[in-house]
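# Overview (structure and organization)
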Amino acid sequence: MSKYLVTGGAGFIGSNYIRFLLRKYPEAVVVNLDKLTYAGNLENLKDVENDHRYRFVKGDICDEALVNDLVVEADIVVNFAAESHVDRSIGAPDDFIKTDIFGAFALLEAARKNHIDRFIQISTDEVYGSIDQGSFTEDHPLMPSSPYSASKTGADRIAFSYFVTYGVPVQITRCSNNFGPYHYPEKLIPLFVTNALEDKALPIYGDGKNVRDWIYVEDHCEGIDFVLRNGELGEVYNIGGGNEKTNMEITDYILAKLEKPATLKEFVKDRPGHDQRYSLDCSKLHAMGWGPKHSFEQAMDKTLQWYIDHPDWWKKIKSGEYLDYYKNQYSSASL
Ligand code: NAD
Ligand code: DAU
């Protein structure tokens, strides 16, 4: 039996990962530790909340005593908990430093003091920084450029140091841009899909030529599981979708699929320090036998349909605290 402590499980990827675990492994027992920040939403896990194998604990990964109590009970720790939105990190970096760095440290300390079988640190491709040509392998120097990615880099390297120094059984994954169900509508794809559904403007930063590599969230969840079962301790694994697109290509795809006019495109002030391009070389994981199962088009179509079918989920978010928060200087579009 595997006892998982999943942190940040009420967020986008964490909730998809918990659903994936409970579906795939009947013997899995999952504790979800989440602070329920603006991004944490228990509605993301409505369908599993009564599963006897699942338990939710509201709390902060920076709370050392609580974290220790939960790590004592776990075999496997998967740390998703983070402040995750680059724009917010530009406006207010404090919580990024606290949660993304100190929170990871608190979890690693608990893992050092108690025996666990595995500690997976969910890092990001943003730790490498931007690359104009070619792709990042796992041993490329790290050059993060936003308070978010710098905080994630801190956690990534602290996790590695706990493997080298203390023998904590750490693995680190660096994934590219996810999309899919339950993606908070402040990020590019869910924001643009939901704005288009409401005939509102799509705020494109700068010239729209920045490139991201997109992966369906279920493929990311499978990638993490693959690393856990097949990867080496102390290793870093890139997990990418192999779908590099400019933001303009993403925008055009959404508008075309939803049969909305190009006049919804609105060019707005660029994100400060906006990374031009992310690109991962995933040959390490591909050579071991992992690859994404969804094509970009299949996954986008499933995602668009999910947002069409779940207006209550995203309308509640967009009409509430999200709207209040998002009156920032980077986007002039109405939400
Ligand atoms: P998200 O913002 O949707 O979810 C983050 C979750 O963490 C929320 O439920 C929130 O309540 C919780 N949380 C925040 N601070 C906490 C704290 N101090 N203690 C406990 N819980 C806390 O983020 P996401 O997009 O699901 O990303 C999850 C992880 O994956 C993050 O570590 C992120 O850096 C990483 N990642 C994301 C992507 C992506 O494209 N979204 C890609 C690569 C890596
Ligand atoms: O690459 C992995 C990272 O992807 C994760 O580590 C982060 O947690 C996640 O938020 C994401 O970061 P990005 O900054 O790449 O994602 P975001 O959806 O915010 O932006 C994607 C691109 O779209 C980026 O070039 C900025 C642009 N953009 C974004 C928004 C929200 C716009 O043009 N307009 C927008 O309104």
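These figures come from a predicted structure and were not determined experimentally. Counting starts from 1 at the beginning of each chain's written sequence and moves along it residue by residue. Note on labels: chains are lettered from A, ligands numbered from 1, in written order. Side-chain atom pairs in this predicted model are given and counted only at pLDDT of 80 or more, local residue features only at pLDDT of at least 70, and totals for whole chains, interfaces and linings cover all residues. Here the side-chain values reflect all heavy atoms present in the structure, with hydrogen atoms and water set aside.

## Things to note about the site of ligand 1
The local shell around ligand 1 holds 28 residues, among which Ile13, Asp34, Ser84, Tyr148 and Lys152 are the closest. Take Lys35: an N or O atom from its main chain is 3.1 Å from a nitrogen atom of ligand 1. Take Phe80: an N or O atom from its main chain is 2.9 Å from an oxygen atom of ligand 1. Burial of ligand 1 by the protein chains amounts to 96% of its free accessible area of 840 Å². For the purposes of this entry, the term helix denotes a DSSP run of H or I that reaches at least four residues, the term strand denotes a run of E that reaches at least two, and both are numbered from the N terminus. For the shell around ligand 1, the secondary-structure elements that each account for two or more residues are α1 (12-24), β5 (118-124), α5 (147-166) and β7 (177-179). Top element by residues in the shell around ligand 1 is β5. It accounts for 3 residues. Partitioning the shell around ligand 1 into residue classes produces 12 nonpolar, 12 polar and 4 charged. Whether a residue is near a molecule or strand depends on its heavy atoms: it is near if one of them lies within 4 Å of it. Polar contact is defined as a pair of N or O atoms within 3.5 Å, subject to the rule that within protein one atom must be able to donate a hydrogen and the other to accept it, and that residues adjacent in sequence are counted only when both atoms are side-chain atoms. In short, Shrake-Rupley with a 1.4 Å probe defines the accessible areas, and a residue's cover is counted only from the protein chains shown. Note that Gly is not counted as nonpolar here; it falls among the polar residues with everything else outside the nonpolar set of Ala, Val, Leu, Ile, Met, Phe, Trp, Tyr, Cys and Pro and the charged set of Asp, Glu, Lys and Arg.

## Thoughts on the environment of Lys46
Take Lys46: it is sitting in the loop between β2 (29-34) and β3 (54-58). Along the primary structure Lys46 and Ser15 are separated by 31 residues, whereas in three dimensions their C-alpha atoms are 10.0 Å apart. There is a polar contact of 3.3 Å between the side chain of Lys46 and the side chain of Glu49.

## Overview of the site of ligand 2
Contacts to ligand 2 come from 23 residues, most closely from Asp125, Tyr148, Asn177, Arg271 and His274. In this structure, an oxygen atom belonging to ligand 2 sits 2.6 Å away from a side-chain N or O atom of Asn177. At 2.6 Å, a side-chain N or O of His274 approaches an oxygen atom of ligand 2. The protein chains hide 94% of the 680 Å² of surface that ligand 2 would expose on its own. Mapped onto the shell around ligand 2, the elements with two or more residues apiece are α6 (188-197) and β8 (202-205).

## Here we look at the sheet that holds strand β11 (residues 244-246)
In spatial order, the strands read β7-β9-β11; together these 3 strands make up an open sheet with mixed pairing. Both edges of this open sheet fall to β7 and β11, since each of them pairs with a single strand only. Going across the sheet, the axis of each strand differs from the next one's by a mean of 50 degrees, ignoring polarity. On top of the sheet, helix α7 (residues 217-230) reaches β7 and β9 (211-216); it is set at about 75 degrees to β9, its chief contact. When DSSP finds at least two bridges between two strands, those strands are taken to pair. Angles shown run from 0 to 180 degrees and are taken between the N-to-C directions of axes, each axis being a line fitted to C-alpha atoms and, for helices, limited to the stretch in contact. Note on contacts: a residue pair qualifies if any of its non-hydrogen atoms lie within 4.5 Å across the two residues.

This is a description of form; function is not addressed.
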